[in-house]
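Listed below, chain by chain, are the residues.
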Amino acid sequence: MSMPSPEQANQARAFIAAGRYADLAAHGQAWLRACPDNGFAWMMLGIALERLGQGEPALSAMRNSVRCSPGDAAAHYSLANILKDRGQLEDAAASYRRALSLKNDFAEAFTNLGYVLRALGRLDEAAASLRHAVAIRPGLAIAHNLLGLVLRDQGLLDAAMASYCSATSLAPTLAEAHFNLGVAHQDRAEFADAIASYRKAVACKPEYVDAWFNLGLALKETRLYPEACDAFRAVLDRDPGHRHALNAWGLALAEMGRHDEAVHCFRGALAIEPSSADTYMNLGTVATQLGRPEEAETHYRRAIELSPGMSEAHCNLGIALAALGRVTEAEECYRRSLALDVDRNAEFNLGCLLRDQCRLREAEESIRAAIARAPTHHGYYHGLLFML
């Protein structure tokens, strides 16, 4: 089989490095006119077409590359990459395995096979593949990062964090590894460390919307509301349709007492997704904070209509109804909330409602149940003391 000259191969690689995929496609087609069975030319053409968004022709070119060069691990690997990107994961895994059968120290193939196996939910196989990758190439940061994701999926958070740290040490500008480390810290409620990791992620990749969003959530969790608002604004600068950022921004503004701005955010979120129960919940919360129980009731009922199983909405509707003096309906809402999901706030609010009706034994049982679920919540103890 005829192969391109070293000069032609170098030129093709230079086109890839420069992102000149139209030139690469023209180059590959010229080779193929001279030699239709040139597997390398088919592979270059496939890479070019895939980058130019021509999926079907790219896949056809890669299949021709494998047909012409069945013993070339790179051809099988390149075919697998296109199959992976098209969501044909089982076929992609098979092609990566064929590449590895021809070249058993192909670290990139082990890495991408691990990615595909994770997507297929085969976590043990994914971890094994990624461990092969880092054993072959200890400095391959992306493999360490992917291994961390698999380990987190397996519930091995300490090991996952160690893998993320290896990735960030090897590649300090790998934004995804900093982001994943931040998520792991956030899983552990280590918000200061999570914030530091997210800040590194956005410094490495300023357009990283998910990192900005998670940074905002972590800042809000630590009550750094002005900084959280800045982070959510950064999300919306990059993705104006990000309704979750609008909701989170609104909640941060509400915590700062800027209720009108919060409502503006929530209305913006509803313009994007009119059937968002969470957003109606947030509007109800602001109405409650402003002492507008009738308005709150409307919003909570709409949230329940959209999501009948939302326990918190039933609880909050109970609070609004209690404020309106409709205690029987309020009690029904609290009990409905508890039937859907054991919620300590519903237990406490039900206890207070029963106490105010002098149903003291039932009230004490409900408040004690809330305390048992949240023994560090001092407000619940005050509710119990008022009964003594």
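Shown above is the structure to which this text applies.
Residues numbered from 1 in each chain as written. Predicted model: local features only at pLDDT ≥ 70, side-chain atom pairs only at ≥ 80, totals over all residues. Heavy atoms only, no water.

Participant: Explain the overall build of the protein chain residue by residue, including any values.
Facilitator: A count of helices and strands for the protein chain gives 23 helices and zero strands. Computed over its C-alpha atoms, the radius of gyration of the protein chain comes to 28 Å, more than 25% above the 21 Å expected for a compact globule of 388 residues. Viewed in the frame of its principal axes, the protein chain has a C-alpha envelope of about 95 × 40 × 35 Å. Each of the 388 residues in the protein chain was classed as buried or not, and the buried ones make up 49%. Of the roughly 18,500 Å² of accessible surface on the protein chain, 52% is carried by carbon and sulfur atoms. In the protein chain, 39 positive and 46 negative side-chain charges are present, and the distance between their average locations comes to 3 Å. (Helix = DSSP H or I, 4+ residues; strand = E, 2+ residues; numbered from the N terminus. Rg over C-alpha atoms; globule rule 2.2 N^0.38 Å. Buried < 20%, exposed > 50% of the residue type's maximum accessible area, 1.4 Å probe, protein only. Areas by Shrake-Rupley, 256 points an atom, 1.4 Å probe, with all protein chains shown as cover. Lys, Arg positive; Asp, Glu negative; His and termini not counted. Charge placed at Lys NZ, Arg CZ, Asp CG, Glu CD.)

Participant: Tell me about the environment of Leu117, and name the residues and values.
Facilitator: Along the chain, Leu117 falls in helix α7 (residues 107–119). Look at Leu117 and you get buried, because its relative accessible area is 1%. Remark: the alpha-carbon pair of Leu117 and Ala128, spanning 11 residues in sequence, is separated by 10 Å. The residues touching Leu117, leaving out its near neighbours within four places in the chain, are Arg97, Arg122, Glu125, Ala126 and Ser129. (Contact = heavy atoms within 4.5 Å.)

Participant: I'd love a proper account of the pattern of salt bridges, names of residues and values included.
Facilitator: Within the structure shown, the criterion is met by 33 salt bridges. Residue Arg86 pairs with Glu56 through a salt bridge whose shortest N-O separation is 2.5 Å. Separated by 30 residues along the polypeptide, Arg86 in the loop between α5 (73–85) and α6 (89–102) and Glu56 in helix α4 (residues 55–68) bring together distant segments of the chain. Two residues, Asp158 and Arg188, come together in a salt bridge whose shortest N-O distance is 1.8 Å. (Salt bridge = Lys/Arg side-chain N within 4 Å of Asp/Glu carboxyl O.)

Participant: I'd love a proper account of the packing of helix α11 (residues 175–187) against helix α13 (residues 209–221), names of residues and values included.
Facilitator: Two measures define how a pair of helices packs: the angle their axes make with one another and the distance between the axes. Direction vectors running N to C along α11 and α13 enclose 25°, while the axes themselves pass 11 Å from each other. In this view, α11 runs roughly parallel relative to α13, as classed from their interaxial angle. With respect to the hand of their crossing, α11 and α13 are arranged in left-handed fashion. Counting all contacts with α11, which are made through Phe179, Val183 and Gln186, the residues of α13 involved are Asp210, Ala211, Asn214, Leu217 and Ala218. In terms of residue class, the contact of α11 with α13 is built from five nonpolar, two polar and one charged. (Axes fitted to C-alpha atoms, helices over the stretch in contact; angles between N-to-C directions. Parallel < 35°, antiparallel > 145°, perpendicular 65-115°, else oblique. Left-handed = near helix turned anticlockwise from the far one by under 90°. Nonpolar A, V, L, I, M, F, W, Y, C, P; charged D, E, K, R; others polar.)

Participant: Tell me about helix α2 (residues 21–34), residues and numbers included.
Facilitator: Under the 1.5 Å per step criterion, the end-to-end length of α2 is 20 Å for 14 residues, consistent within 8% with the ideal 20 Å. Of the residues making up α2, those classed as buried are Tyr21, Leu24, Ala25, His27, Gly28, Trp31 and Leu32. Summarising the axial view, the buried residues of α2 lie within an arc of 160°, below the 170-degree limit, and thus occupy one face. Turned more than 90 degrees from where α2 packs its buried face, Arg33 and Ala34 sit exposed. Packed against the buried residues of α2 are α1 (6–18) and α3 (39–51). (Expected span 1.5 Å × (residues − 1). Arc of directions from axis to C-beta.)

Participant: Outline the packing of aromatic side chains, listing residues and values.
Facilitator: Overall, the coordinates contain six aromatic pairs when judged by the stated rule. Aromatic side chains Tyr77 and Phe106 sit 4.8 Å apart centroid to centroid with 35° between the ring planes, which places their arrangement in the tilted category. In this pair, Tyr77 sits in helix α5 while Phe106 sits in the loop between α6 and α7, placing the two residues 29 residues apart along the sequence. You'll find Tyr77 and Phe106 in the same group, each marked buried. (Phe/Tyr/Trp six-rings, centres within 6.5 Å; stacked < 30°, edge-to-face > 60°.)

Participant: Got a sec to walk through the packing of α5 against α7? Specific residues and values, please.
Facilitator: Between α5 and α7, whose axes approach to 11 Å, the crossing angle comes to 25°. On the basis of their axis angle, the class for α5 and α7 is roughly parallel. The two elements α5 and α7 cross, and the hand of that crossing is left-handed. On α7, the residues touching Tyr77, Asn81 and Lys84 of α5 are Glu108, Ala109, Asn112, Tyr115 and Val116. In terms of residue class, the contact of α5 with α7 is built from four nonpolar, two polar and two charged.

Participant: Describe the side chain of Asn282, listing the residues and the values that go with them.
Facilitator: With respect to the helices and strands, the residue Asn282 is situated in helix α17 (residues 277–289). Beyond its immediate chain neighbours, meaning those up to four positions away, Asn282 contacts Asn247, Leu251 and Phe266.

Participant: Which residues make up the nonpolar core, and what are the values?
Facilitator: Counting 61 residues, the largest nonpolar core has Phe179, Tyr198, Trp212, Leu215 and Trp249 as the members making the most contacts within it. Ranked by the residues each element gives to this core, the list is headed by helix α14 (residues 225–238), at eight residues. What Trp249 contacts, discounting residues up to four positions off in sequence, is Cys229, Phe232, Arg233, Leu236 and Cys265. Judged by nonpolar contacts, the second largest core, of 60 residues, contains Ala12, Met62, Ala99 and Leu147. (Core = buried A, V, L, I, M, F, W, Y, C linked by side-chain atoms within 4.5 Å.)

Participant: Which residues make up unusual backbone geometry, and what are the values?
Facilitator: Unlike most non-glycine residues, Ala189 shows phi in positive territory, near 60°. One non-glycine residue with positive phi stands out, namely Cys358, at about 65°. Assignment of secondary structure puts Cys358 in the loop between α21 (344–356) and α22 (360–373). With relative accessibility at 64%, the residue Cys358 sits in the exposed group.

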